[in-house]
Amino acid sequence: MQYLYAAINFLLLGLLIWLVLGKSIKKIFISRREKINAAIDEAENLEYLLESGEQTDADADDRELNASDDNTGCFDAIAEQERQNSCFLYEKQRRIEDAEKRLNEQKHEIMIQARQKSVKVLCERLKSAFREQPYADGIRAKEPALADKILNIISLTPGDMCYLMRHDVLYVTLTSAYPLDPAIVDRIGEKTTAMLDEVGGKPSYWVKVDPELIGGLRLRIGDTVYDCTVENRLYHLERDLVKRPLPQVISAQDIIDDMFEGIEAAEDRVDIYQLGRVLSVSDGICRLDGLADIMYGEVIEFDCGERGMILDIEPDRIGCVVFGKYEHIETMSRVRRIGRIASVPVGDELLGRVVDPLGRAIDGKDRIRGRERRPIEYKAPGIPDRKTVNVPLHTGIKAVDALVPIGRGQRELIIGDRQTGKTAIAIDAIINQKGKNIPCIYVAIGQKESTVAEIRAKLEKYGAMEYTTIVSATASSSASMQYIAPFAGAAMSEYFMYSGRDCLIVYDDLSKHAVAYRELSLLLHRPSGREAYPGDVFYLHSRLLERAARLSPESGGGSVTALPIIETQAGDISSYIPTNVISITDGQIFLETDLFNEGQRPAVNVGLSVSRVGSAAQTPLMKQVSGKLRMELAQYRELNTFAQFGSDLDDSTRKVLDSGVRMMQALRQRRYEPIPDWKQALLIYAVSEGYADGTEPEMIEEFEKKLYSYFENKYPDMVKTLVSGAKMNKSFENRLKAVLKSFAEVG
Ligand code: ATP
Ligand code: MG
């Protein structure tokens with residue numbers, strides 16, 4: 001009995017334990033089983049991935065065999081495999097082509113470098129050869145003739161005259177490689193004295209010997225140098241040889257032949273140039289003296305080979321910006337006028353390229369060999385050369401084309417706080433020019449490099465890069481490069497305008513340009529004015545934007561449409577730079593942060609945005625349908641603010657508010673999806689005439705899509721009339737209304 005009780009107790013205890021812990025034990029077992037299963041799956045997956053990885057690496061034929069072995073009889077799998085193979089082959093082909101292209105570019109680059117080195121060596125050899133007999137004697141024998149050549153052409157420059165007016169004495173220095181015959185020295189002295197006598201001045205005449213000249217004579221009158229030395233000839237020879245285009249078939253012999261051709265072509269002439277000295281150099285700005293007749297915007301060359309551009313001319317010193325690295329420019333070193341205004345290559349070769357503000361390629365592709373150059377600074381066309389702006393330049397953005405239309409040759413400012421979609425509008429406008437034969441130029445000033453790369457990628461993706469040039473002076477570029485960038489872009493756009501074509505240019509953005517100019521001006525010690533900007537910052541932007549115009553047919557007939565961008569701080573359009581640019585341009589598209597955050601994108605503020613060209617830059621159709629739009633939206637905005645305070649609204653107010661909400665929804669648009677003019681006009685007409693009243697505001701996007709396809713599929717004849725952009729006559733309008741009514745009903 002005792003045993004029976006013990007057994008029953010034992011069983012009861014076991015049952016109790018099972019009841020309490022059974023579930024958790026089960027759980028533990030199940031989770032362990034799941035874990036083991038998952039581990040097995042993972043291992044199988046890994047195995048499969050390894051296999052497929054190996055398969056991708058194997059060549060295409062092997063893959064085909066494997067695939068057919070593994071999937072015999074499974075047509076789908078074979079088709080998929082074939083598709084993959086063709087993709088693989090296409091990719092392989094593309095990579096081979098890319099590699100070939102890169103190889104050719106590298107070969108070209110190596111040859112250019114090799115030529116540079118050999119030209120240097122050649123010139124060094126020539127230098128020592130000219131110092132030896134019999135060349136040295138030959139060159140010395142030419143000295144009297146060279147002196148005559150120089151004396152025939154010397155004259156006083158306007159700069160010398162100014163100097164004489166202040167100082168009476170002008171420095172004249174005669175330098176030669178060997179001591180000169182006294183007769184030559186006297187002859188030159190007499191001639192210069194006589195020349196200066198005529199204008200009431202005296203020379204301070206110096207004669208020097210400098211073996212570095214190798215041979216020949218150099219006469220310096222004031223800052224002007226008359227040079228017929230061997231040193232100068234070799235200097236030109238070196239530059240010419242390096243710049244000569246490489247022959248098509250490149251071999252070492254080709255280069256040698258080409259160099260000899262260059263030597264033969266080099267002429268024996270007196271070179272005239274002006275010299276100056278570097279007084280100080282800091283932060284990419286140099287202060288110089290000398291260079292008596294230098295002009296604003298002229299290019300100068302430093303001894304180290306770097307170049308710069310004159311930005312500041314004062315009576316006793318000159319300020320310039322350095323284009324390249326300024327660290328190895330030494331004070332008191334020489335600078336030389338090279339006799340040309342700063343210019344950039346222009347032409348169709350630049351389309352599809354990314355260039356720096358000096359027109360040098362920075363997209364990793366081959367060099368740009370523009371046949372033509374245009375000066376960075378150029379006079380804007382005068383009033384008689386201009387024609388009224390009345391041809392639309394469609395941006396493909398509903399809110400812009402309907403409310404603030406832009407005409408060809410117009411300057412329309414895009415203004416707003418940061419991250420409000422300013423660049424997006426400009427890029428969409430560029431994308432919309434596809435197939436319209438309007439080359440575009442996007443000038444990035446002070447943007448991040450990643451932003452520029454992204455813009456390029458997007459333009460490429462939407463097929464817009466082939467007709468676009470990106471001029472990039474990113475935030476990491478020097479202030480001088482950022483300063484030059486929009487002017488370089490303007491020069492490139494002018495090429496199209498003066499050759500009778502229409503062109504679009506975007507300056508993104510001019511606030512950063514103004515900051516770069518402020519930096520330069522402060523370094524040039526110019527007095528600062530309002531908000532520490534120099535006084536001429538208005539002139540800076542006005543002379544840039546005035547270059548955008550529509551020319552009359554007699555002056556070329558082309559146009560440049562400019563879309564400058566300005567960033568505001570907390571929506572303040574009354575600060576210095578925004579007010580300046582607003583007054584220069586023919587209207588502005590004002591983008592508002594609040595609207596943007598509400599999801600109203602593009603965030604165009606209808607009240608503050610204007611186009612002074614107005615409906616003259618719209619098609620008659622758009623003009624007809626969007627005539628009342630601005631007024632209605634203004635009314636809506638006013639009532640909307642007011643309606644926020646009370647809920648009791650009369651019917652007419654509610655109606656205005658409802659249609660306003662729908663219209664604002666209709667004006668929303670995604671990026672990179674420009675819409676043709678006729679579709680915009682159709683949508684605006686449908687919404688403003690109340691055919692979307694039965695649609696919830698959130699469904700307007702859907703309504704829009706359906707509307708377009710409804711017309712395209714069912715009424716191609718009406719679409720044709722709408723595409724023509726002509727004004728709707730009564731009968732067409734009645735038919736349109738009937739169709740829209742049936743569309744709204746079908747819904
Ligand atoms: P920043 O001041 O930095 O130059 P921004 O004003 O030029 O900025 P964008 O860079 O054009 O502004 O746009 C800011 C952001 O808004 C981007 O992420 C962009 O994708 C988004 N955005 C702009 N327009 C639209 C749009 N129509 N629809 C949706 N998103 C948009
Ligand atoms: Mg931007």
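A brief report on the enclosed structure follows. (Residues numbered from 1 in each chain as written. Chains lettered and ligands numbered in written order. Predicted model: local features only at pLDDT ≥ 70, side-chain atom pairs only at ≥ 80, totals over all residues. Heavy atoms only, no water.)

Some words on the overall build of the protein
If you tally the helices and strands in the protein, you get 24 helices and 20 strands. The proportion of buried residues among the 747 residues of the protein is 45%. Nonlocal contacts in the protein, meaning residues at least 24 apart in sequence, comprise 74% of its contacts between residues at least 6 apart. For the protein, the accessible area works out to roughly 39,100 Å², and carbon and sulfur atoms hold 54% of it. (Helix = DSSP H or I, 4+ residues; strand = E, 2+ residues; numbered from the N terminus. Buried < 20%, exposed > 50% of the residue type's maximum accessible area, 1.4 Å probe, protein only. Contact = heavy atoms within 4.5 Å. Areas by Shrake-Rupley, 256 points an atom, 1.4 Å probe, with all protein chains shown as cover.)

Considering empty space enclosed by the protein
Enumeration over the complete set of coordinates arrives at three cavities of 30 Å³ or more. What lines the largest cavity is simply P392, L393, H394, D401, P405, I406, A617, Q618, T619, M622 and D677. The residue inventory of the lining of the largest cavity, partitioned by class, reads six nonpolar, three polar and two charged. Forming the walls of the second largest cavity are A399, L403, Q600, P602, V604, V606, M664 and L667. (1 Å grid on protein atoms, 1.4 Å probe; cavity = no way out; pocket = protein on both sides within 12 Å on 5 of 7 lines; lining within 4 Å. Points joined across faces, edges and corners; volume = space filled by probe spheres on them. Nonpolar A, V, L, I, M, F, W, Y, C, P; charged D, E, K, R; others polar.)

Focus: unusual backbone geometry
Geometrically, the link from D508 to D509 is a cis peptide bond, its omega value of -5 degrees lying close to zero. The topology assignment puts D509 in the loop between β17 (502-508) and α14 (510-523). Backbone geometry places Q419, a non-glycine residue, at a positive phi of 60 degrees. Looking at where Q419 falls in the secondary structure, it is placed in the loop between β14 (413-416) and α11 (422-431). Q419 gets classed as exposed once you look at its relative accessible area, which sits at 62%. Of note in this structure, E531 is not a glycine but carries a positive phi near 50 degrees. Its location among the elements puts E531 in the loop between α14 and α15 (537-545).

Thoughts on the sheet that holds strand β18 (residues 559-567)
The mixed open sheet is built from eight strands, whose spatial order is β12-β16-β15-β17-β18-β14-β19-β20. Looking along the sheet, the strands with just one partner apiece sit at the ends: β12 (354-355) and β20 (610-611). When β14 meets β18, the two strands line up parallel, connected through three bridges. Bridging across to β18, G416 finds its partner in E567. On the sheet, helix α12 (residues 449-461) packs against β12, β15 (440-445) and β16 (468-473) and is oriented at approximately 175 degrees with respect to β16. In this fold helix α13 (residues 479-498) packs onto β12, β15, β16, β17 and β18, with an angle of close to 175 degrees to the strand it touches most, β15. (Pairing = 2+ DSSP bridges. Axes fitted to C-alpha atoms, helices over the stretch in contact; angles between N-to-C directions.)

Quick look at the environment of L196
In this fold, L196 is placed in helix α7 (residues 182-198). L196 sits in the buried class, given a relative accessible area of 0%. A C-alpha to C-alpha distance of 9.5 Å links L196 and M161, two positions 35 residues apart in sequence. L196 has contacts with L156, L164, L170, V172, G201, K202 and P203, leaving out every residue within four places of it along the chain.

Side note on the site of ligand 1
Contacts to ligand 1 come from 13 residues, most closely from Q419, K422, T423, A424 and Q669. In this structure, an oxygen atom belonging to ligand 1 sits 3.0 Å away from a main-chain N or O atom of G421. Alone, ligand 1 offers 630 Å² of accessible surface; in the complex the protein occludes 73% of this. Spatially, ligand 1 is embedded in the second largest pocket. In terms of residue count, the dominant contributor to the shell around ligand 1 is α11 (three residues). Across the shell around ligand 1, the residue classes tally to three nonpolar, five polar and five charged. (Near = heavy atom within 4 Å. Polar contact = N/O pair within 3.5 Å; in protein donor to acceptor, adjacent residues only side chain to side chain. Sits in = over half its atoms within 2 Å of the grid points.)

Honestly, that's just the spatial picture; any functional story needs more than this.
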